[in-house]
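Listed below, chain by chain, are the residues.
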Amino acid sequence: MAATLTFLLVSSLLQGALCGKFNVNMPENINVLRGSCVNIPCSFKVERFETNLDDSCKAYWSDSSSFNSRNAKLKPTKEMTGDLTKKDCTTTFNNTRLLQSAKYYFRLECDNALKYSFTQAGVDISLIAAPPSPTLTPSTLKVKEGASVSLTCSAPAPCWSHPPALTWSPNLGQSQETLQENQDKTKVRTSVMNFTASHLHHGNKISCTAVYQKQDGSPDVTAEASLTPDISYSLKLHSLATKMAATLTFLLVSSLLQGALCGTFNIKMPQKINVLRGSCVNIPCSFDVETRFENNLDDSCKAYWSDSSSFSTENAKLKPTKEMTGDLTKKDCTTTVINASYLQSDKYVMTWLGLLARCILGIVLSLCFLSFC
């Protein structure tokens, strides 16, 4: 916020009492990056003495409340100062080595009766070695998949001629940078990135980096801000007729089944299951074998799963242990997959194979990983 203070002009050079009001506006404080330049926004009013503002007017700055043009710490040139005839005392310091962390005051002197120090209004200059972190708006992101998202990254720009460059990681959509003015006339660099929220973004850090270029030749410095989006989503399920579906085959193997199995075999399971990324999944499963083979169901039976319709026990993708599988002797092939990273996100057709007979039922498993869904 700008500090607006009212002052009474008293000058020994002005004959009689001068009853004019003087106002000055400048930021209360500015952080200045060492090695960079700084712009100090400044404007003033000299009530009833506007005619004294001419090309002879000069600006002076000092960290003392008692100073004049002779002992002023900073004596900016015309090129470094705004148009004083238009009451613009904005000043640019390209060499921050002339500054120190202190409160600086502005003085106006003209080659006439107008000479005044605004000693009750100053700007606190803080020299810093590293820039502050950018500001992300919103600071947290919790939306549904498919929502339009607009993220804004803002970083202070104390040096207007060299504002920071802002970059997004990852770059999720189109972004646009602008240099905006705050209420106190300081400036800020902003970048707005627009994208559509996806489950692929869930839990993955989005960061904005501000890169500041120094004017003294020293290396650039950076500052970063980030957030981790929380994207709620409904996993997309595909119909069993989808051509891109993969086949997940369930094969019941028993060392006691030596010959050809010629009969009708059935298997039952849900048509679809949503699997939460990073969680486990239970696949309810039961099967029937012809009565003449029920005696072959014993403790030697094992369950195998694969995403190929042609596989054996050696190349099966999933080989659940006894603890992960239901009681196969009771025709319970329910399987628990603790680590869902072994699965792929797609449509799965569960197949129970015999050598000469096949019974196929379908299940859709939808998982969400970074490179799937």
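Here the structure is shown first, and the text comes after it.
Everything numeric in this text was worked out from a predicted model, so none of it was measured.

J.: Sorry if this is basic, but what is going on with the nonpolar core here?
T.: For soluble globular proteins, the rule of thumb is that nonpolar side chains tend to be buried together. Formed by 32 residues in total, the largest nonpolar core has its most connected members in Phe44, Trp61, Phe106, Leu108 and Ile125. Those elements giving two or more residues to this core turn out to be strand S2 (21-27), strand S3 (29-33), strand S4 (38-40), strand S5 (43-46), strand S6 (58-62), strand S8 (102-109) and strand S9 (115-128). Residue contributions to this core peak at six residues, all from S9.

J.: Would you mind going over the layout of surface pockets with me for this structure?
T.: Where empty space is left in the structure can be found by rolling a water-sized probe over the atoms. Each pocket or cavity is described by its volume, and for the largest pocket that value is around 290 Å³. Along the wall of the largest pocket there are 18 residues; nearest its centre are Ile30, Asn31, Pro156, Pro158 and Thr186. Among the secondary structure elements, those contributing two or more residues to the lining of the largest pocket are S3 and strand S15 (187-196). The biggest single contributor to the lining of the largest pocket is S3, with four residues.

J.: What exactly am I supposed to notice about the side chain of His201 here?
T.: Following the sequence through the fold, His201 ends up in the loop between S15 and strand S16 (206-212). Given the relative accessible area of 14%, His201 is considered buried.

J.: What's the story with the pattern of salt bridges in this structure? I'm lost.
T.: Opposite charge on two side chains makes pairing possible when the charged atoms of those side chains draw close. This structure, assessed with the given rule, holds seven salt bridges. Between Arg107 and Glu109 there is a salt bridge, with the nearest N and O atoms lying 2.6 Å from each other. Residues Lys185 and Glu181 are paired through a salt bridge, measuring 3.4 Å at the closest nitrogen-oxygen approach. For Lys185, a relative accessible area of 45% translates into the label partly exposed.

J.: Is there a simple way to explain the state of the cysteines in this structure?
T.: In a disulfide, the sulfur atoms of two cysteines are covalently bonded to one another. Counted by the stated rule, this structure contains five disulfides. Cysteine pairing for the protein chain, with bonded cysteines counted in sequence order: 1-7, 2-4, 3-5, 6-8, 9-10.

Calculation criteria
Residues numbered from 1 in each chain as written. Predicted model: local features only at pLDDT ≥ 70, side-chain atom pairs only at ≥ 80, totals over all residues. Heavy atoms only, no water. Core = buried A, V, L, I, M, F, W, Y, C linked by side-chain atoms within 4.5 Å. Buried < 20%, exposed > 50% of the residue type's maximum accessible area, 1.4 Å probe, protein only. Helix = DSSP H or I, 4+ residues; strand = E, 2+ residues; numbered from the N terminus. 1 Å grid on protein atoms, 1.4 Å probe; cavity = no way out; pocket = protein on both sides within 12 Å on 5 of 7 lines; lining within 4 Å. Points joined across faces, edges and corners; volume = space filled by probe spheres on them. Salt bridge = Lys/Arg side-chain N within 4 Å of Asp/Glu carboxyl O. Disulfide = S-S within 2.5 Å.

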